[in-house]
Amino acid sequence: MSTPEPKSNFIRQIIDADLESGRHDRVVTRFPPEPNGYLHIGHAKSICLNFGLARDYRGTCHLRMDDTNPETEDEEYIEAIKHDVAWLGFQWGDKLFHASDFFEEMYAFAEDLIRDGKAYVDHLTAEEIGAYRGTVREPARPSPYRDRSVDENLALFRAMRAGEFPDGHCVLRAKGDLASPNMKLRDPLLYRIRKASHPRTGDTWCIYPMYDYAHPLEDALEHVTHSICTLEFENNRDIYDWVLDNTRVPARPHQYEFARLNVGFTVLSKRKLLQLVNEKHVHGWDDPRMPTIAGMRRRGYTAEAIRSFCDLIGVAKANSFVDIGKLEFCLREDLNRRSPRVMAVLDPIEVELVGWPEGHVESIDAPSYPDDVGLPGTRVVPLGGRVYIDREDFALTPPKKWKRLSPGAAVRLRYGPVIRCDSVEQDATGRVTKLRCSYFQGDAAPRVDGAIHWVPAHAAVRAEVRLYDRLFAVEKPDADPAGRDWLTLLNPESCVVVKDAFVEPAVGDIAPGTHVQFERTGYFFSDPKDTRAGAPVFNRVVTLRDSWARMSAADAPVVEPPVAEAPAPLAAASAPKSTRKTRQQARAEARAADPALAARHAGYVALGLSADDADTLCDAAATADLFDATHALYPQPAAVSRWIVNDVLAAAGEGEVSALPLTAAALAALVRLVDAGTVSNLAGKEVLTELVSKGGDPEAIIERRGLRQVNDADTLQPIVAAVLEAHPDHVARYRAGNAGLLGFFTGAVVRQSGGKANPQQVKALLEAALKA
RNA sequence: UGGGGCGUGGUCCAAUGGCAGGACGCGGGACUUUGGAUCCUUGCGGUGUAGGUUCGAAUCCUACCGCCCCAGCCA
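All figures in this text were calculated on a predicted structure; none of them were measured in a lab. (Residues numbered from 1 in each chain as written. Chains lettered and ligands numbered in written order. Predicted model: local features only at pLDDT ≥ 70, side-chain atom pairs only at ≥ 80, totals over all residues. Heavy atoms only, no water.)

Quick word on the overall build of chain A
The following threshold applies: Runs of E in the DSSP output that reach at least two residues are strands. Runs of H or I that reach at least four are helices, and both are numbered from the N terminus. Throughout, a contact is declared for two residues whenever any of their heavy atoms are within 4.5 Å. The charge count includes Lys and Arg as positive and Asp and Glu as negative, but it does not include His or the ends of the chains. For charged residues, the charge sits on one atom: NZ in Lys, CZ in Arg, CG in Asp, CD in Glu.
Regarding its fold elements, chain A presents 25 helices and 25 strands. Taking the principal axes of its C-alpha atoms as reference, chain A extends roughly 110 × 90 × 55 Å. Of the contacts made within chain A by residues no fewer than 6 positions apart, 69% connect residues no fewer than 24 positions apart. Of the charged side chains in chain A, 93 are positive and 109 negative, and the gap between their average positions amounts to 3 Å.

Describing the sheet that holds strand β2 (residues 60-65)
In a beta sheet, neighbouring strands pair by backbone hydrogen bonds and run either parallel or antiparallel. The test is simple: By the convention used here, strands pair only if DSSP detects at least 2 bridges between them. Between the N-to-C directions of two axes lies an angle of 0 to 180 degrees, each axis being a line fitted to C-alpha atoms and, for a helix, fitted only over the stretch in contact.
On the basis of which strands lie adjacent, the open sheet formed by three strands has the order β1-β2-β3 and parallel pairing. The open sheet is flanked by β1 (28-31) and β3 (96-98), the only strands paired with a single partner. Shown here is a sheet whose adjacent strand axes are inclined to one another by a mean of 35 degrees, direction ignored. Taken together, the three bridges between β2 and β3 define a ladder with parallel strand orientation. The residue of β3 that forms the bridge with Arg-64 is Phe-97. On the sheet, helix α2 (residues 41-56) packs against β1 and β2 and is oriented at approximately 160 degrees with respect to β1.

Side note on the pattern of salt bridges
Pairing between side chains of opposite charge can happen when the charged atoms of each approach one another. The following threshold applies: Whenever a carboxyl oxygen of Asp or Glu lies within 4 Å of a side-chain nitrogen of Lys or Arg, that contact is scored as a salt bridge. Accessibility here uses a 1.4 Å probe with only protein chains present; expressed as a share of the type maximum, an area under 20% marks a residue as buried, one over 50% as exposed, and anything in between as partly exposed.
In total, this model carries 65 salt bridges according to the counting rule given. Residues Asp-56 and Arg-12 are paired through a salt bridge, measuring 2.8 Å at the closest nitrogen-oxygen approach. Here Asp-56, found in helix α2, pairs with Arg-12, found in helix α1 (residues 10-21); they are 44 residues apart in sequence, far enough to count as distant. Judged by its relative accessible area of 13%, Arg-12 falls in the buried class. For Asp-393, the salt bridge identified is with Arg-520, shortest N-O distance 2.4 Å.

Overview of the sheet that holds strand β12 (residues 348-353)
Read across the sheet, seven strands follow the order β19-β16-β17-β18-β12-β15-β20 without closing on themselves; strand pairing throughout is mixed. The strands lining the two open edges of the sheet, one partner per strand, are β19 (451-452) and β20 (454-456). Across three bridges, the pairing between strand β16 (residues 410-413) and strand β17 (residues 418-426) is antiparallel. What sits directly across from Arg-412, in β17, is Val-418.

Shown next, in the form of structure tokens:
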């Protein structure tokens, strides 16, 4: 199975544009995990994105271990990562890289940076560096070591490499921009001393590159074209570019950021996952409750389901919180097709079939798949005089709409006879211990609504069943509204072990790592590690959708959150009122301080402009000057202001309008032509686009490009007719009452006229034609 | 607070000036020896707010509001 056609997303659009423009002629992506933990579902999103792009664009995706910090990284993780990516179904071929493969090149680039006067060795301590960095509002102070000579820096850096200094003694920093509003650019660290043994390079190095320095170089050295990472690295993109712009790298990759995955009732930070493992809150990285690939695999999730989940949720830049129900949907969709059905009883009640011939066993051939799955296969279910049914399927006093067993009521044993409950045995506490039922086969059976699952008592196989549930009791454990620590929010019932469930003999010797559906209960997976012949262990992957549970839950009172601990008070309830100055306030203050500006503003208002527009025009002197000059040439204040505010300012972007090649004379002429109807508004904007990029004379541009507005019904009529003829369905729908379609037709006609048609006239023509 | 980013039904994602659409969910229905399989559904529900431009705005302009990220010798 593969996705029909990949969903559009902003990264695909960028790639399409890059391929189109010739910026790149092939696509190279990479998945760059740091081997300091196991991969989780969030990584799966990134893996599917990067490898999926390579697959769809016939490019390549590299698997790269970002091993620049030997203190936290480990060979175990490297192997686990490779296993997980391969299991997810992606191949990297010979494109397996490690950041450490490039340590020598990175070092050489660093010496180049020093020789170019763009990096220096800093002897400030870690704390001092922090203090010198300033704050978001105040610029950094230069380190006293910032202006060392090239020779001294080179000697020092070589001494660092040679191991002449202890850890933390000094670092290599780039000479960035100390006043940059982006903190990341204030002399970022490039290298630090770490006398630690590296999983791959051993003790060859005692200096290691920082992420911000290593990552762009790795990308460039591997000729990656599109370097895709998560949103929190947006601020780092400036250094990424700085490094590439200031080193002589063989390629120029670009970084793009997308929103990382968030899901409820779990945590996805490596630090927290590691803590769960280290403090034994779970049984290792592959505990089936963990959101790790290894955990999900052991639980019974399939690679196909995880991949279709990643396709389903899409890729965008908005922070989002995905409902885990979507993963479960993908899982059920996949498991439904691949899991043979079998029956299991988790909490047995013995049922005696009254009158069943002693010792008689009937062999029932039960299909392994329902009809719609369309797979062949049966298994034999032997039926004797005693069976087990699930306690859940019997009610002493049945609620309304109960379709299962209850005293005096009848139900079908799935694939078998209908039984009617004649008597109930209970112990001293009232607990039901045994049911006696009469049974009816073939045509003698009464019509019943329900069918329940069962296991033959004489042939039942004892099994251990592990009922997994969400790891945490609350949706957002690491952002608890009540302020509770995330570790106190673990779900105490995340793993309920049923030691003596009964399963059909057909799965008594099930192979480890096999999917089955326990009918009416859920999808299960024979545990790959603990299953033994004759002693199966099943993990519940996911329950079946359950409309009865939903129905009864709707009736039941709302269940309180399971963690009853007293919530911590919300600190700082009386948060300081925002003292932030808005743009409007800033301008008002500027006017208060500058009478000339205030007079200008007042003048504009007197001209009939709105206070807002006057405010905008007065934001920069150049803007106001342009308005004045244009207005002098064409005294229509509202029109001139509209064009400046809506279009000229937008074209200028962050810059001043005076930087544009547009003159007041040209603007005045353009506005006059639009007002006169010589060109349509739309075409006028086209003219303006040319004016702000190249300058020129509006009239000449209109003539050259043939933009003069067409009002002539005889010219327009054939286009109208052609458009209507080309879209008979739309015409029918319009006539059936879908008036919104008029815009669709108008757009089509205007477009076909090359933007020259007078839209009002087109509309009138269209309406007349459609009425006919 | 300086800077960077993001706001489309309950959730996730499309629509790149021209019919606001898909999926999950919820509701309704069909069928049934899985109440839970399967199928149908023209059912529910949305462009953060306020102005403006335009024949036409989710999309362009202006202002406001809200959320996320950045001051590790982590990545």
